Structures are given as C-alpha cells and as structure tokens.
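Chain by chain, the residues run as shown.
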Amino acid sequence: MGQTNAWTSEVDWRTGRWQPRSPSPPSRGWQPPPPRGLLPKRPLTFIEALDSGFRLLRFIPTLSIGSSLIVFTLWSLLLTAIGALIAVQFLSFFNDLSGNEDAASGFIALAQLGSVALSLLSLGLAHLLSGLIATGTRASFGARRTTLSRAWKSLSGRRWRLIAATLLMSGINLGLLLVLAAPTLLFATADSAVLAFVWAGLAALLWFAALIWINLRLGFVGSAIAVEDLSVRAGIRRSWKLTGRGFWRMLGQLALGYFLSNQLVQLIITPIVFIVSLLLGIGITTTAESATAQAAIAVVSVGLLLGLTLISSAVLFAYFACLVTVCFFDQQMRSEGLDLVLIRAEEDR
C-alpha cells in the first residue's frame, strides 16, 4: 500500500502487512465509578466473613430476620401440633409416669436430649433460609437492598425446589439419628443397660460428627438453587464441588459464627427472661387468693417466654443463613474468579 503512518495505518499481525486502521470505538464519556458494595468484591479473610454476616443481617433485616421469623413460626406451630397429638395419644402413659419419681427423672433427661437433637435437626431449615437470603446477598455486592417480597418474587419457579431440598436434608439428618439410635433400643430391650448406655454415647458422637460433615458439604444447596437456578440434584453436586477445598476454614467460620451469635443472643435474652420470671413470681405471690388471676399471669408469662425463644431462634438462624450465603460467594471468588465477574457486572450497570 502507499505511504503510511502510525495514525492512519496498522499492522495485521496475522499476515504482517499494513492495512488501514480500523475505526476507533465511540467514546463512552466519563462515568461515575460503581458504588461500593456492602460486601467487598474479593475473597474474604476469616474474620471478615464473620463480620459480613452481621453486616448483611443489618443491611437487609426484612429479608433476613423477616424470613427467618416466618419460617420458625411455622416450624414452631408444626412442633406444637405434633407435641399436642403425642400428649393426647399417650396421656395415660404420662399419668403413670408422673407417679414414679425415678421414671419421671429419666424421662426428663431423655426430653432434654431430645430438645438438643431437635435443635440440631432444625439445621435443615438453614437451606431454605439461605436460599431466600442468597438473592439479597448477591444484590448487596452492588449496595442494593432487597426486600422480602422482592426476593420471594425473584424465586418464582424455584420455591418448591428449595422446600424439597430442605425436606431432603432434614430427612437425611433424621434418618442418620434413627439408624444410629436403633442399636440402643435393641440393647435396652435385651436388658443390656451397660451396652445401651455405651452405644448411646458413641451414637451421639457419631451422629454429631456425621451431621456436621454432611451439612457442611451440602451447605450450599439452597444458595445454589436460588442463585444459579439449579435442580435439587444439580444443587447437591454444585455444593459438593464448592466445598471440596477449604473444608476446615469453612467449618471454623460456620461453627464459630453459630457459637458467637448464640452467645450474643443469649446475652440479650437472658436478662429479659430473668425479669419475666421475676414478675411471674411476684404476680403469683400477690394474687394467691385469685386462681383466675394466677392462671392469666401464668399464660401471659409463658407466652412471653415462648415469644422470646422464637425471636432469639429466628435471629440466630438469620445470621447463620447470612453467613452461609457469604461463604457461598466467597468460595466462588476463591475457586472460580467470581470477584472479577461481579466487578465487571457492576461496571456495566
């Protein structure tokens, strides 16, 4: 070609020949930088992940605490209905049990162990909550708040999959407990009290270890279904793949986060429970002559205590679900470069 210069021509690097310069792309002009998100668009440190759960809880309280409160209210109503049905069916057994102090003490101990097991079985609800909160977590990288109604609408077509995943994980947790507890009943019916006691302790440890391992490896099922629109089976494979690396780091984050949030909730709730119990004792003492007033005070006090328990459980699991979603996105940043995708997506807005 004729006379060329660097302003009008360029080299085609495939052929090594000069060619006319291709037109420059139109200037986009100045644009403001994307807003700084609530969560940093980079892999988080151990402490930053724990703090991000609290920040997310405060940033979208209607989605996190609101959804957790609704779920735990329905869960409590279900447990109350099951407990009432059992009480009616075995009323004569409970009457006979109350007449024997040793049997009553043993039953109370079993009931306390059952309440601990029930609290661990409720970990299955974290899959549903993390799925509901995951959409808000994704939007928080761009400093956009997500309400509960908006998150519910965005999950159209995925709600039943989230419920199915929750039921599946709860069934797995319960199935492990029943399988490991079955030998204890066999030893007890065979009059082998020592073997039954030893196996019960060993089964409790095995169930606790299996519960932690399975729920951690499958902890991202709800988030994967909500964010990536996967089926339950694909969500299980996705969670298993993401949790293949960094197992101990995620275990430490989730375990420490659950413990710290539980201690914080108890620190707030315990004084309130003490005040309610103190007022209950004073009210019953001052109304000793009126059985109706005592019954009313007792009903109100029990209602307040149950309400406080429900609220504390909802806040605890709301934070835990927020922490699960934070770990879900953090693991993608560490293994799949999601931080670059988030930065590019915010720049294109």
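Residues numbered from 1 in each chain as written. Predicted model: local features only at pLDDT ≥ 70, side-chain atom pairs only at ≥ 80, totals over all residues. Heavy atoms only, no water.

Per an unreviewed UniProt entry, the recorded name for the protein is Membrane-anchored glycerophosphoryl diester phosphodiesterase (GDPDase), and the organism is Brevibacterium epidermidis.

Caption draft 1: Examining the overall build of the protein more closely. When helices and strands are tallied, the protein shows 13 helices and 2 strands. Scored against the burial criterion, the 349 residues of the protein give a buried share of 34%. Sequence separation of 24 or more characterises 74% of the internal contacts of the protein that already satisfy a separation of 6 or more. Carbon and sulfur atoms make up 70% of the accessible area of the protein, which amounts to about 20800 Å² in all. (Helix = DSSP H or I, 4+ residues; strand = E, 2+ residues; numbered from the N terminus. Buried < 20%, exposed > 50% of the residue type's maximum accessible area, 1.4 Å probe, protein only. Contact = heavy atoms within 4.5 Å. Areas by Shrake-Rupley, 256 points an atom, 1.4 Å probe, with all protein chains shown as cover.)

Caption draft 2: Quick look at helix 11 (residues 247-286). With 40 residues, helix 11 should cover 58 Å at 1.5 Å per step; its first-to-last C-alpha distance of 57 Å lies within 8% of that length. A bend of about 30° at Ile 269 is the largest found in helix 11, and the proline Pro 271 appears one to four places after it. Phe 247, Met 250, Leu 251, Gln 253, Leu 254, Gly 257, Ser 261, Val 265, Ile 269, Val 276 and Gly 283 are the residues of helix 11 that are buried. (Expected span 1.5 Å × (residues − 1). Bend = angle between axes of the 7 residues up to and from the residue.)

Caption draft 3: Molecular detail of a nonpolar patch on the surface. Residues Phe 46, Ile 47, Leu 256, Phe 259 and Leu 260 make up a contiguous nonpolar surface patch of roughly 440 Å² in combined accessible area. Put simply, the parts of the chain that give the nonpolar patch at least two residues each are helix 1 (46-59) and helix 11. Ranked by residue count, the leading element in the nonpolar patch is helix 11, at 3 residues. By secondary structure assignment, the location of Leu 256 is in helix 11. (Patch = residues over 30% accessible without salt bridge, like charges linked within 9 Å, V, L, I, M, F, W, Y side chains within 5 Å. Salt bridge = Lys/Arg side-chain N within 4 Å of Asp/Glu carboxyl O.)

Caption draft 4: Up close: the pairing of strand 1 (residues 9-12). Note: strand 1 against strand 2 (residues 17-20), 4 bridges, orientation antiparallel. Within strand 2, the residue paired with Asp 12 across the bridge is Arg 17. The antiparallel pairing of strand 1 with strand 2 creates a hairpin that spans 4 residues between the two strands, and Gly 16 there sits at a positive phi of about 80°. (Pairing = 2+ DSSP bridges.)

Caption draft 5: A look at the pattern of salt bridges. Scanning all chains against the criterion turns up 6 salt bridges. Across the pair Glu 48 and Arg 42 runs a salt bridge whose closest N-O atoms are separated by 2.8 Å. On the basis of relative accessible area, Glu 48 is assigned to the partly exposed category, the value being 27%. Between Arg 238 and Glu 336 there is a salt bridge, with its nearest N and O atoms 2.6 Å apart. With a gap of 98 residues between them, Arg 238 in helix 10 (residues 232-242) and Glu 336 in helix 12 (residues 291-336) connect regions that are remote in the sequence. Linked by salt bridges that have partners in common, Glu 228, Arg 238 and Glu 336 make up one network.

Caption draft 6: Expanded view of unusual backbone geometry. Although it is not a glycine, Ala 143 sits at a positive phi angle of roughly 60°. Here Ala 143 is to be found in the loop between helix 5 (125-140) and helix 6 (148-154). The backbone of Asp 229 shows a phi angle near 55°, a positive value even though the residue is not glycine. Checked against the element boundaries, Asp 229 lands in the loop between helix 9 (221-228) and helix 10. Using a relative accessible area of 44% as the deciding quantity, one classes Asp 229 as partly exposed.

Caption draft 7: Examining helix 1 more closely. Between its terminal C-alpha atoms helix 1 stretches 20 Å, which fits the 20 Å expected from 14 residues at 1.5 Å a residue. Taken as a whole, helix 1 has its buried residues at Ala 49, Leu 50, Ser 52, Gly 53, Leu 56, Leu 57 and Phe 59.

Caption draft 8: Spatial organisation of the UniProt feature "transmembrane region" (unreviewed entry) in the protein. Under the local residue numbering, the UniProt record ascribes the feature "transmembrane region" (unreviewed entry) to residues 65-88, 108-141, 162-187, 193-214, 264-284 and 296-329. Secondary structure across residues 162-187 divides into 100% helix and 0% strand, with the first and last C-alpha atoms of the span separated by 39 Å. (UniProt positions renumbered as here; feature names shortened; annotations may be inferred.)

Caption draft 9: Spotlight on the nonpolar core. By size, the foremost hydrophobic cluster in this structure holds 63 residues, and its most contacted members are Leu 56, Phe 220 and Leu 254. Ranked by residue count, the leading element in this core is helix 12, at 14 residues. (Core = buried A, V, L, I, M, F, W, Y, C linked by side-chain atoms within 4.5 Å.)

Caption draft 10: Looking closely at the packing of aromatic side chains. According to the stated counting rule, one finds 10 aromatic pairs in the structure shown. An angle of 85° between the planes, with centres 5.6 Å apart, marks the rings of Tyr 258 and Phe 320 as edge-to-face. With Tyr 258 in helix 11 and Phe 320 in helix 12, this residue pair connects regions lying 62 residues apart in the sequence. An aromatic cluster of three or more residues is present, and its members are Phe 72, Tyr 258, Phe 317 and Phe 320. Arg 217 extends its terminal NZ or CZ atom over the ring of Trp 240, reaching a point 4.0 Å from the ring centre. (Phe/Tyr/Trp six-rings, centres within 6.5 Å; stacked < 30°, edge-to-face > 60°. Lys NZ or Arg CZ within 6 Å of the ring centre and 35° of its normal.)

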